[in-house]
Amino acid sequence: MRNNPERLTFEIDAREGDARTGRLMTPHGPVATPAFIPLATKGSVRGMASSEVAGMGFEMVLGNTYHLLVAPGPDRIAAAGGLHGFMAWEKAIITDSGGFQVFSLAHGGVAEEIKGSGGKRDGLAAVLGIEEEGVKFRSYRDGSELMLSPESSMSIQARLGSDIALVFDECTPFHADREYTARSTERTHRWLERCLDWHAENGPSGQAVFGIIQGGTYEDLRAESCQAVSESGVDGIAIGGTLGRDKAEMAEVLGFTVPKLPWEAPKHLLGIGEIDDLMKGIRLGIDVFDCAVPTRLARHGMALAPDPETRFRMNLRRSDMVGDRLPLVEGCPCVACRDYDRDYINYISRSEELTAVRLMVEHNLTYMEELMAGARKAITAGTYESYSAAVLDGKAPWDAL
């Protein structure tokens, strides 16, 4: 592990068991942890101005290298002063490597990633070849041939100007057998070294690099990956790849992975954001999470809510919401809950008004930030276990402390 204050430092302020609260110090300011990171997939958090996202309390967003390569392209973003200038975001940014997206094209399951980015053109997207050098694929926008390699991924992220860049890796699906997963994990480790070599010679001095743990659901492969990444000289560690077919298997994989990582390293769990998973991940000592859940639910008229029976979500498009004068969630400080009721949100959501998406995104992101702020307060007070139990039992974050 590296420790360069010009790029990134991580300070742990309090702990309760393995759960901890602290601060990631980046060139664009601190990020209080544990933290949920909203996705700015294409250079914006869906429906929200950057200033609105910052106003909710978020201190970092995640940009998607794959999508930003396809459009508008890294050169255009670099000309605007990097992603910070392009999207008028003054706080920290982490960028993924693009690996998840291109390998989803190869293994299946990328439909949600590219939906809305070309309609009938979605069929153009395809991986043309996976080689040691990297991955060739077709743009979902126009069918043009593109290439991502460890070096090109790091180069793109350098031009995006993110505070934290993720290394290029292969994300294997849960149905990949052990032999393929082992070969893939070994290649990911070779790509890790190439990413770090490129960044050491060419990368921005203020940009940190996080390595990614792979290995599928196999404990020995995860252990090998933990060792390889921890000894590589990265600034932090992300946990990626398939985590199992269901929540039970995911909990098992995380349970034997996280303890093998250096305690002092900042740890980011990629693509996980269900409320119960966040509570369990924090208990394991994970510091940062990102997921499309809040914005994806909003597009479908779903609000995050303190109800474990419905997987912590409320369908505002249900017919029984008609005439309901209650706020989405009592006590929530967001505009949707403060100024409107369920009846109105039901109407504009079923009418597919853009205002509905904006209000629902704001509510869901506010709920996430309140959840994480509550976790930080609880860890500091030594009451995280009771806080987590109350949340999982159906209390809103502001009532669970």
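Here goes a summary of the coordinates provided. (Residues numbered from 1 in each chain as written. Predicted model: local features only at pLDDT ≥ 70, side-chain atom pairs only at ≥ 80, totals over all residues. Heavy atoms only, no water.)

1. A short note on the overall build of the chain
Here's step 1: Helices and strands together make up the secondary structure of the chain, namely 17 helices and 17 strands.
Here's step 2: Over its C-alpha atoms the chain spans a radius of gyration of 20 Å, differing by no more than 12% from the 21 Å that the globule rule assigns to 401 residues.
Here's step 3: Considered along the principal axes of its C-alpha atoms, the chain spans approximately 60 × 50 × 40 Å.
Here's step 4: Looking at the chain as a whole, 56% of its 401 residues qualify as buried.
Here's step 5: Total accessible area on the chain is roughly 16100 Å²; 48% of this is exposed by carbon and sulfur atoms.
Here's step 6: Distance from the positive charge centre (42 side chains) to the negative charge centre (58 side chains) of the chain: 4 Å. (Helix = DSSP H or I, 4+ residues; strand = E, 2+ residues; numbered from the N terminus. Rg over C-alpha atoms; globule rule 2.2 N^0.38 Å. Buried < 20%, exposed > 50% of the residue type's maximum accessible area, 1.4 Å probe, protein only. Areas by Shrake-Rupley, 256 points an atom, 1.4 Å probe, with all protein chains shown as cover. Lys, Arg positive; Asp, Glu negative; His and termini not counted. Charge placed at Lys NZ, Arg CZ, Asp CG, Glu CD.)

2. Remarks on helix H8 (residues 178–202)
Here's step 1: The end-to-end C-alpha distance of H8, which contains 25 residues, comes to 35 Å, matching closely the 36 Å that a straight helix rising 1.5 Å per residue would cover.
Here's step 2: The N-cap residue of H8 is Asp177: its side-chain oxygen and the backbone nitrogen of Glu179 are 3.3 Å apart. (Expected span 1.5 Å × (residues − 1). Polar contact = N/O pair within 3.5 Å; in protein donor to acceptor, adjacent residues only side chain to side chain.)

3. Quick look at the sheet that holds strand E13 (residues 236–239)
Backbone-to-backbone hydrogen bonds join strands into a sheet, with any given pair of strands oriented parallel or antiparallel.
Here's step 1: Pairing is parallel across the open sheet formed by 9 strands, whose spatial order is E4-E15-E14-E13-E12-E11-E7-E6-E5. Of all strands in the sheet, those with a lone pairing partner are strand E4 (35–37) and strand E5 (39–40), marking the two edges.
Here's step 2: The pairing of E5 with strand E6 (residues 60–63) spans 2 bridges and is classified as parallel. Among the inter-strand pairings, Ala40 is bridged to a residue of E6, identified as Gly63.
Here's step 3: The sheet contacts of helix H9 (residues 219–230) involve strand E12 (208–213) and E13, and relative to E12 the element is tilted by about 165°. (Pairing = 2+ DSSP bridges. Contact = heavy atoms within 4.5 Å. Axes fitted to C-alpha atoms, helices over the stretch in contact; angles between N-to-C directions.)

4. Quick word on the sheet that holds strand E10 (residues 145–148)
Here's step 1: Sheet architecture is open: 3 strands sit in the order E8-E9-E10, paired in antiparallel fashion. The sheet is open, and its two edges are formed by strand E8 (126–130) and E10, each paired on a single side. Each neighbouring strand pair of the sheet contributes to a mean axis angle of 25°, computed without reference to strand direction.
Here's step 2: Note: strand E9 (residues 135–138) against E10, 4 bridges, orientation antiparallel.

5. With respect to the environment of Gly281
Here's step 1: Mapped onto the elements of the fold, Gly281 is located in helix H11 (residues 275–284).
Here's step 2: Given a relative accessible area of 2%, Gly281 falls into the buried group.
Here's step 3: Remark: the alpha-carbon pair of Gly281 and Lys267, spanning 14 residues in sequence, is separated by 10 Å.

6. Concerning the layout of surface pockets
In this approach a probe as big as a water molecule rolls over the atoms, and the regions it shows empty are the leftover space.
Here's step 1: Each pocket or cavity is described by its volume, and for the second largest pocket that value is around 160 Å³.
Here's step 2: Looking at the second largest pocket, the residues that line it are Met1, Arg2, Asn3, Leu8, Thr9, Phe10, Asp235, Glu264, Ala265 and Pro266.
Here's step 3: Residues that form the lining of the second largest pocket fall into these classes: 5 nonpolar, 2 polar and 3 charged. (1 Å grid on protein atoms, 1.4 Å probe; cavity = no way out; pocket = protein on both sides within 12 Å on 5 of 7 lines; lining within 4 Å. Points joined across faces, edges and corners; volume = space filled by probe spheres on them. Nonpolar A, V, L, I, M, F, W, Y, C, P; charged D, E, K, R; others polar.)

7. As for the environment of Leu354
Here's step 1: Turning to its location among the elements, Leu354 is positioned in helix H15 (residues 354–381).
Here's step 2: The class for Leu354 is exposed, based on a relative accessible area of 69%.
Here's step 3: Linking Leu354 and His300, residues 54 residues apart in sequence, is a C-alpha distance of 12 Å.

8. Topic: the pairing of strand E7 (residues 92–95)
Here's step 1: The two faces of E7 match: Ala92 and Ile94 on one face and Ile93 and Thr95 on the other face are all buried.
Here's step 2: Across 4 bridges, E6 lies against E7 in parallel orientation. Within the sheet, the bridge partner assigned to Val61 lies in E7 and is Ile93.
Here's step 3: Across 2 bridges, E7 lies against strand E11 (residues 164–166) in parallel orientation. Following the sheet pairing, Thr95 is matched in E11 by Ala165.

9. Things to note about empty space enclosed by the protein
Here's step 1: Under the definition given, this model contains 1 cavity of 30 Å³ or more.
Here's step 2: Of the volumes computed, that of the largest cavity is approximately 50 Å³.
Here's step 3: Taken together, Val31, Ala32, Ala35, Phe36, Gly57, Phe58, Glu59, Met60, Glu369 and Arg376 form the lining of the largest cavity.
Here's step 4: Class assignment of the residues belonging to the lining of the largest cavity gives a composition of 6 nonpolar, 1 polar and 3 charged.

10. A look at the packing of aromatic side chains
Given two aromatic rings, one states the distance between the centres and the angle between the planes to describe the pair.
Here's step 1: Taken as a whole, this structure holds 5 aromatic pairs when the rule is applied.
Here's step 2: An angle of 75° between the planes, with centres 5.7 Å apart, marks the rings of Tyr367 and Trp398 as edge-to-face. Note that Tyr367 is positioned in helix H15 and Trp398 in helix H17 (residues 397–400), a separation of 31 residues in sequence.
Here's step 3: For Trp398, a relative accessible area of 22% gives the class partly exposed.
Here's step 4: One Lys or Arg, Arg178, reaches over the ring of Tyr218 and ends 5.9 Å from the middle of that ring. (Phe/Tyr/Trp six-rings, centres within 6.5 Å; stacked < 30°, edge-to-face > 60°. Lys NZ or Arg CZ within 6 Å of the ring centre and 35° of its normal.)

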